[in-house]
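# Structure at a glance
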Amino acid sequence: MTSGKRSRLVVLISGSGSNLQAFIDASKDGNLNADIVGVISNKADVLGLQRAQDAGISNEVLDHRAFPSREHFDAELGERVSSYQPDLVILAGFMRILTPDFVSRFAGHIMNIHPSLLPKYPGLHTHQRAIDAGDKKGGATVHFVTSDLDGGPAIVQAEVPIMGDDTADLLASRVLVQEHQIYPLAAHWFCEGRLTLENGVPQLNGNALQKTGFLFSTAITEQ
Ligand code: GAR
């Protein structure tokens, strides 16, 4: 299932780190041709740090409140990330807007997951907004990061139904199950050299992806 040299991943988190856990598990189970070499959180005492610790992964806290500006924080964050010499930077519930300087430093080598079917609902409170709008489906999108917030080119999306009696929490937990599938999968494609970004357009196995990315269904985990 995997081939070639294992890639180096750095994962940035702010919270529970369930996506980080999916990466840890996929790496261990042979579904991700990569090692997570570092985890950085902008918040102390979050479950994600404990997950990294338990997996024996180097982890550290960089508290944004200790910096006079977003630019200062991102400059130091960039140094810390670079010190791990990553092939790919994974934003996994990292709840910070990144400066253009940070993004360009890792351009083409940085991914995010967002809990909506982008381009719908960039920003916060995505699930409540989908419910309030009467949408019949929600989901998540993995995308390359650009300085356009939640606007970078989409790689893969997973859809879930929205039920009549859904709450934001219920929908979030249904979407998270899918996030844990599609995010390590997208990273695996990248690490295997099958996913590239050519002139701002993601290509999978040499074919340009549609605007909303590859539509994931559980039947194609071997894609
Ligand atoms: C996930 O649902 C992720 O999509 C979302 O935060 C959650 C993190 O969960 N990210 C964003 O909203 C980014 N804009 P986790 O810490 O359990 O992986």
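We now turn to the structure provided with this report.

## What to know about the overall build of the protein chain
Helices and strands together make up the secondary structure of the protein chain, namely six helices and 11 strands. Computed over the C-alpha atoms, the radius of gyration of the protein chain is 17 Å, within 12% of the 17 Å expected from 2.2 N^0.38 for a compact globule of 223 residues. Taking the principal axes of its C-alpha atoms as reference, the protein chain extends roughly 45 × 40 × 35 Å. Counting the 223 residues in the protein chain, one finds 49% classified as buried. In the protein chain, the share of contacts with a sequence separation of at least 24, taken over all contacts with a separation of at least 6, comes to 65%. For the protein chain, the exposed surface amounts to about 10,600 Å²; the carbon and sulfur share of it is 51%.

## What about the pairing of strand E2 (residues 34-41)?
In terms of burial, E2 is a largely internal element, seven of the eight residues being buried. Examined bridge by bridge, strand E1 (residues 7-13) and E2 share seven bridges and lie parallel to one another. Bridge assignment links Arg8 to a residue of E2, and that residue is Asp35. Assessed by its sense of winding, the connection that carries the chain from E1 through helix H1 (residues 18-29) to E2 is right-handed. Bridge count for E2 against strand E3 (residues 59-61) is three bridges, and the pairing is parallel. Among the inter-strand pairings, Val39 is bridged to a residue of E3, identified as Asn59. Running through helix H2 (residues 47-54), the crossover from E2 to the neighbouring parallel element E3 is right-handed.

## A word on the pattern of salt bridges
A full pass over the atoms with the stated rule returns eight salt bridges. Its salt-bridge partner being Asp135, residue Lys120 comes within 3.3 Å of it at the nearest N-O pair. Note that Lys120 is positioned in the loop between strand E5 (110-114) and helix H5 (126-132) and Asp135 in the loop between H5 and strand E6 (137-144), a separation of 15 residues in sequence. You can call Lys120 partly exposed: its relative accessible area is 43%. Of the charged contacts in the structure, one is a salt bridge between Asp166 and Arg174, with a shortest N-O distance of 2.8 Å. Under the relative-accessibility criterion, Asp166 is labelled buried at 9%.

## Notes on the site of the ligand
Neighbouring the ligand are the residues Ser16, Gly17, Ser18, Asn19, Gly93, Met95, Ile113, His114, Pro115, Leu176 and Glu179. Separating an oxygen atom of the ligand from a side-chain N or O atom of Ser16 is a distance of 2.8 Å. Between the ligand and Asn19, the relevant distance is 2.9 Å, taken from an oxygen atom to a main-chain nitrogen or oxygen of the residue. When the ligand is considered free in solution it has 450 Å² of accessible area, and contact with the protein chains removes 84% of it. Residue composition of the shell around the ligand, grouped by class: four nonpolar, six polar and one charged.

## A short note on the side chain of Thr141
Note on placement: Thr141 falls in strand E6. Polar contacts involving the side chain of Thr141 include one to the main-chain amide nitrogen of Leu118, which spans 3.1 Å. Setting aside chain neighbours within four positions, we find Thr141 in contact with Asn112, Ile113, His114, Ser116, Leu117, Leu118, Ala154, Val156 and Gln157.

Calculation rules
Residues numbered from 1 in each chain as written. Predicted model: local features only at pLDDT ≥ 70, side-chain atom pairs only at ≥ 80, totals over all residues. Heavy atoms only, no water. Helix = DSSP H or I, 4+ residues; strand = E, 2+ residues; numbered from the N terminus. Rg over C-alpha atoms; globule rule 2.2 N^0.38 Å. Buried < 20%, exposed > 50% of the residue type's maximum accessible area, 1.4 Å probe, protein only. Contact = heavy atoms within 4.5 Å. Areas by Shrake-Rupley, 256 points an atom, 1.4 Å probe, with all protein chains shown as cover. Pairing = 2+ DSSP bridges. Right-handed = clockwise from strand over helix to strand, strands pointing away. Salt bridge = Lys/Arg side-chain N within 4 Å of Asp/Glu carboxyl O. Near = heavy atom within 4 Å. Polar contact = N/O pair within 3.5 Å; in protein donor to acceptor, adjacent residues only side chain to side chain. Nonpolar A, V, L, I, M, F, W, Y, C, P; charged D, E, K, R; others polar.

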